[in-house]
Structures are given as C-alpha cells and as structure tokens.
Amino acid sequence: MKINIKAAVTVAAVAAAAALGIFAFCSFQGKYWFRSEPKLNKAVINLEKKPLKSRVWLTTQPCRDKLTSEAQVKIYDKIASYAAEADRDEFDLGDAGKDDFEIALNAFAVDHPEVFWIDLESSYTIYEYEDKLCASLHYTTSGKELENQKAKLDEVVEKAAKNAPDDATDYDIELYLNDFLSENCAYKTDADSKHTAYGALAGGKAVCDGYSHAFQLLCRRLGVECTVIEGTSDFNNDAENGHMWNCIQLGGDWYHIDVTWNDSTDSSCGVEHYFYVNLTEEQILRDHKISGGYSRRDSGKTGFFNVFVPKCDSSDLNYFSLNFVTIKDPSDDDQILASLIDSAKNKSDFCAYVIDESVDFNKTVKSITDKYADSWIQGANHYTGGNQKISDDGKVIFYENKRILAIVLNYE
C-alpha cells in the first residue's frame, strides 16, 4: 500500500514552510567573523567493508528454521521441489494438515523472493480425499515464458549488483538499494506481476509486496540478510489489502525498513526518501501494524501472518541518528552550523536536523524559523566562500511526526 508522504507528516506545518529570505537578516551578521570554522562530528559506522567481488548470494532460509514441526519442514521442502519445476500436479501432504501447509507455504514464499511465479492471488488448492490430503500450487506462468522471465530478472539483478558500491559496508549497500528501487520502480496498482520481485525489477512497476520482495532479493544477491514483514498501516483505508515491508540484518542487529514509503512521489525534499531506514520496532509501530503468527492471524479480515519477525531494538544504524545533527538548544549551534557547511560544500539539496525529544517541537521550530535559520545561512556562507554560497530563496520544511526540520538549499 502506497501513501502520499505528505499525508504522513503534519500537513499544516509543511504548508507553513517559510522562505529563508523573510528571516531577520542583520542581527547575527557578524557573529562568525572571529570564530574558527566548526567541524562536523560524523558518526562512525563500525561495520566491515567488503569488496564487491566477495558479495555472493545468501542461501539461508530463516523462515524454514522457524518452522515448529517436522511435518511443516517436509511440506516446505516439497513446495520448493514443485515450485522449482512449476509442476501443476497435486502432491500428498503426508502427515501435515492444512494449517501446516499454509504455514510452510508462507515460510517458503518469504524465504524465496526469486520464486515469483507462484500466483499470490489464488496460491493453491487443497483436495480432501478419504484417506489423504493433497494440494496443488497455482502458477502465473510456466515453460518457455517462465524461462524468459527468469532470465530477464537475473539480468536486472546482476546489473544492479554490478553497479553497487565497491569496498562498502552492508549499510552502504542498503542505502544504494533503497535509492535503486526509488529510481527504477514506480508504485502502480494496475501493473502486471505487481506483487512480485519480477514486477518491481523487470517491469519497473509494483505495489508494496513487489517492492519488498525486490529489496529482499537484491539484498540477498549482495550478501545481506533480509526478510519481509506482513501487516497493515495506520494510513491504509482498505485494511483488506494490508501492507508489506522489510527487516534487514546489519552488524548482527535487525532493523525495519520500508522501501515503498521511502519512494515518495510527492516529496518536498530528499530527506523523505530515508524516513523509514533502520527503525526499531517501537518506531515502526507508530504507523505500521505487524501481523501476528499463524494462530493470531485475523482470518476474518486479512488472514496475514508472519512466521518470522526479528527483534529490532537497536538504533545504532538509524538513518536519522547517523546523518542528522540533533537540535536541543538552537543557540548551541556548533554542530548545527558544521552540518550546514558540510551540506553546502557537497552542494546538497537539503540539510536536515532532528528536534530532540526533550523539547517542544513546535516552539523549537518557530524559534529556528524566526530567529536562527538566517544566521546559520550567513554563517555557512562566511566559511564556504563564493563557490558554495547558499541563496536566500530556500525554505524550511518540518515534519512533526518525524521530529525532522529540513532546510532546502539553493545556491547562487
């Protein structure tokens, strides 16, 4: 399910974004003349850098490892065998019941985003005989057409992998793939194969589960563990459709990431493409709802459930924490100014800040727009010189529910 990102922020706050030129100009003009240039204390990422040539497919099956009975494991493996051949014949469930089959099928689908040809709309048929229970999988394609589609998907995946950053951390790879999907996939509810990695990557069009399976597939191609999470969201008016996103493992810790919602089609500045990168469970639950296990699924509505939901309680690699200076007192501007200078030197489109939880968001933002922002711009221009001079026709945008303030930067 796709949202207009402006619906997820405080619309009134965005509408009230103010031109920098209206800020008070002269009161702080000389503040930085006799002050040495502040240097940004950049966050240190304690992750191993890996050469691109060493990044190979992951073959782990985390959901299979979470199955609770031998019957479920056997059905999982039988599904894998039949799915690989796109064999439409029914197969005996043996000691497994219908519940075991549904759990195993869900686990297999989550572990194998590359198997895009199982029809997610109808999925399977159960046959009840006097002495046994059988099932058959439903496929969207087979034969030569399937082989052609597999080849096309492999081509796109390998191209994305080839262009990934070399000598990079898993976190660098994550950001690259988040951007790759934003640039190469569009949210379309009427697209073919919209629920699959094939639709997102080979077709360039998908909905949330297509985005999620594609992100998972690309992560696993580049040696990064990733899974998908089923649920709903606070912004989904049709809960029957649900929502899907990912959990990614970085440095031994798991984090939530929603690449669908990061691909904002109506963004005010680039910061919105990273709102949902590496959140804790507490943070993702502010506007997402994680479906329970099979026994706790809502069979009357969605029927969604998860076999495996990693524990996500680390904030070490939260995108905001790593990349944005936190503002508690706007007058304590050493790192605030250093961040703006760094953004200007890199000709960034914006410079963003986190408003600390300990202060009133709206009062702090008002203080910044009324009193401080123009001073910061003048200070940055003092240190960067004419080559990266920020013009006064930018604007301040703030997102109350994310506690983010962004200064959109234009240059003279």
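Residues numbered from 1 in each chain as written. Predicted model: local features only at pLDDT ≥ 70, side-chain atom pairs only at ≥ 80, totals over all residues. Heavy atoms only, no water.

Points about unusual backbone geometry
Then, number 1: Residue Ser-123 is not a glycine yet carries a positive backbone phi of 70°.
Then, number 2: Mapping Ser-123 onto the fold places it in the loop between α4 (98-111) and β2 (124-128).
Then, number 3: Within the chain, Lys-347 stands out as a residue other than glycine whose phi angle is a positive 50°.
Then, number 4: Within the secondary structure layout, Lys-347 lies in the loop between α12 (334-345) and β12 (350-355).
Then, number 5: Exposure remark for Lys-347: the relative accessible area of 43% places this residue in the partly exposed category. (Helix = DSSP H or I, 4+ residues; strand = E, 2+ residues; numbered from the N terminus. Buried < 20%, exposed > 50% of the residue type's maximum accessible area, 1.4 Å probe, protein only.)

Observations regarding the environment of Leu-67
Then, number 1: Within the secondary structure layout, Leu-67 lies in the loop between α2 (62-65) and α3 (70-85).
Then, number 2: For Leu-67, a relative accessible area of 11% translates into the label buried.
Then, number 3: Sequence separation of Leu-67 and Phe-308 is 241 residues, and the distance between their C-alpha atoms is 9.0 Å.
Then, number 4: Ignoring anything within four residues of it in the chain, the contact list for Leu-67 reads Gln-72, Val-73, Tyr-76, Ile-103, Ala-107 and Val-307. (Contact = heavy atoms within 4.5 Å.)

Regarding the packing of aromatic side chains
One pair of aromatic rings is described through two measures. These are the centre distance and the angle between the planes.
Then, number 1: For the structure on display, the rule yields 19 aromatic pairs.
Then, number 2: The interplanar angle of 75° and the centroid separation of 5.3 Å between the aromatic rings of Trp-261 and Tyr-276 together place this pair among those described as edge-to-face. Of this pair, Trp-261 sits in helix α9 (residues 259-262) while Tyr-276 sits in the loop between α9 and β9 (277-279), and the two are 15 residues apart along the sequence. Tyr-276 shares its class with Trp-261; the two are buried.
Then, number 3: With centroids separated by 4.6 Å and ring planes inclined at 10°, the aromatic side chains of Tyr-274 and Tyr-319 adopt a geometry described as stacked. (Phe/Tyr/Trp six-rings, centres within 6.5 Å; stacked < 30°, edge-to-face > 60°.)

Structural notes on the sheet that holds β12
Then, number 1: Strand order in this open sheet of 4 strands is β11-β12-β14-β13, and the pairing throughout is mixed. The open sheet has two free edges, formed respectively by β11 (325-327) and β13 (395-399), since each of these has just one partner strand. If you compare each strand with its neighbour and ignore which way they point, the axes differ by 30° on average.
Then, number 2: Sitting on the sheet, α12 touches β11 and β12, and the angle it makes with β12 is about 155°.
Then, number 3: Each of β11, β12, β13 and β14 (404-408) is contacted by helix α13 (residues 361-384), which is oriented at about 25° to β14, the strand it contacts most. (Pairing = 2+ DSSP bridges. Axes fitted to C-alpha atoms, helices over the stretch in contact; angles between N-to-C directions.)

Remarks on the confidence of the model for the protein
Then, number 1: Per-residue pLDDT for the protein has a mean of 88; in total, 88% of the residues score no lower than 70.
Then, number 2: The low-confidence segment residues 3-29 (pLDDT under 50) makes 57 contacts with residues lying over four places distant or belonging to another chain. (pLDDT = per-residue confidence, 0-100.)

Here's the deal with the sheet that holds β9
Then, number 1: An order of β9-β8-β7-β6-β10 is seen for the 5 strands of this open sheet, with the pairing classed as antiparallel. The sheet is open, and its two edges are formed by β9 and β10 (288-290), each paired on a single side. The sheet shows a mean angle of 50° between the axes of neighbouring strands, taken without regard to direction.
Then, number 2: Bridge count between strand β8 (residues 253-257) and β9: 2 bridges; the pairing is antiparallel. When the bridges of β9 are listed, His-256 appears paired with Leu-279.
Then, number 3: Set on the sheet, helix α6 (residues 170-184) makes contact with β7 (243-250), β8 and β9; between it and β9 the angle comes to about 115°.
Then, number 4: Lying over the sheet, helix α8 (residues 208-221) contacts β6 (226-233), β7 and β8, oriented at roughly 20° with respect to β7.

Some details on the environment of Asn-318
Then, number 1: Turning to its location among the elements, Asn-318 is positioned in the loop between β10 and α11 (319-323).
Then, number 2: For Asn-318, a relative accessible area of 4% puts it in the buried group.
Then, number 3: Between the C-alpha atoms of Asn-318 and Phe-275, which are 43 residues apart in sequence, the distance is 9.7 Å.
Then, number 4: Filtering out sequence-adjacent residues up to four positions away, Asn-318 remains in contact with Val-277, Asn-278, Leu-279 and Gln-283.
Then, number 5: Among the polar contacts listed, one links the side chain of Asn-318 to the backbone nitrogen of Phe-320, at a separation of 2.9 Å. (Polar contact = N/O pair within 3.5 Å; in protein donor to acceptor, adjacent residues only side chain to side chain.)

Thoughts on the pairing of β2
Then, number 1: For β2 and strand β3 (residues 133-137), the ladder comprises 5 bridges, and the chain directions are antiparallel. By the bridge assignment for β3, Tyr-124 is matched with Leu-137.
Then, number 2: Adjacent in sequence and paired antiparallel, β2 and β3 are bridged by 4 residues.

What about the packing of α12 against α13?
Then, number 1: The N-to-C vectors of α12 and α13 enclose an angle of 55°; their axes lie 9 Å apart at closest approach. One finds that α12 runs oblique with respect to α13. Crossing angle aside, the handedness with which α12 passes α13 is right-handed. Facing α12, whose interface residues are Ile-336, Leu-337, Leu-340, Ile-341, Ala-344 and Lys-345, α13 presents Trp-376, Ile-377, Gly-379, Ala-380, Tyr-383 and Thr-384.
Then, number 2: Within the contact of α12 with α13, the residues separate by chemical class into 9 nonpolar, 2 polar and 1 charged. (Parallel < 35°, antiparallel > 145°, perpendicular 65-115°, else oblique. Left-handed = near helix turned anticlockwise from the far one by under 90°. Nonpolar A, V, L, I, M, F, W, Y, C, P; charged D, E, K, R; others polar.)

So, the pairing of β13
Then, number 1: In terms of burial, β13 is largely enclosed, as 4 of its 5 residues are buried.
Then, number 2: Note: β13 against β14, 5 bridges, orientation antiparallel. Looking at β14, one finds that Ile-397 is bridged to Ala-406.
Then, number 3: If you look at the hairpin formed by β13 and β14, you'll find 4 residues sitting between the two strands, and Arg-403 has a positive phi there, around 60°.

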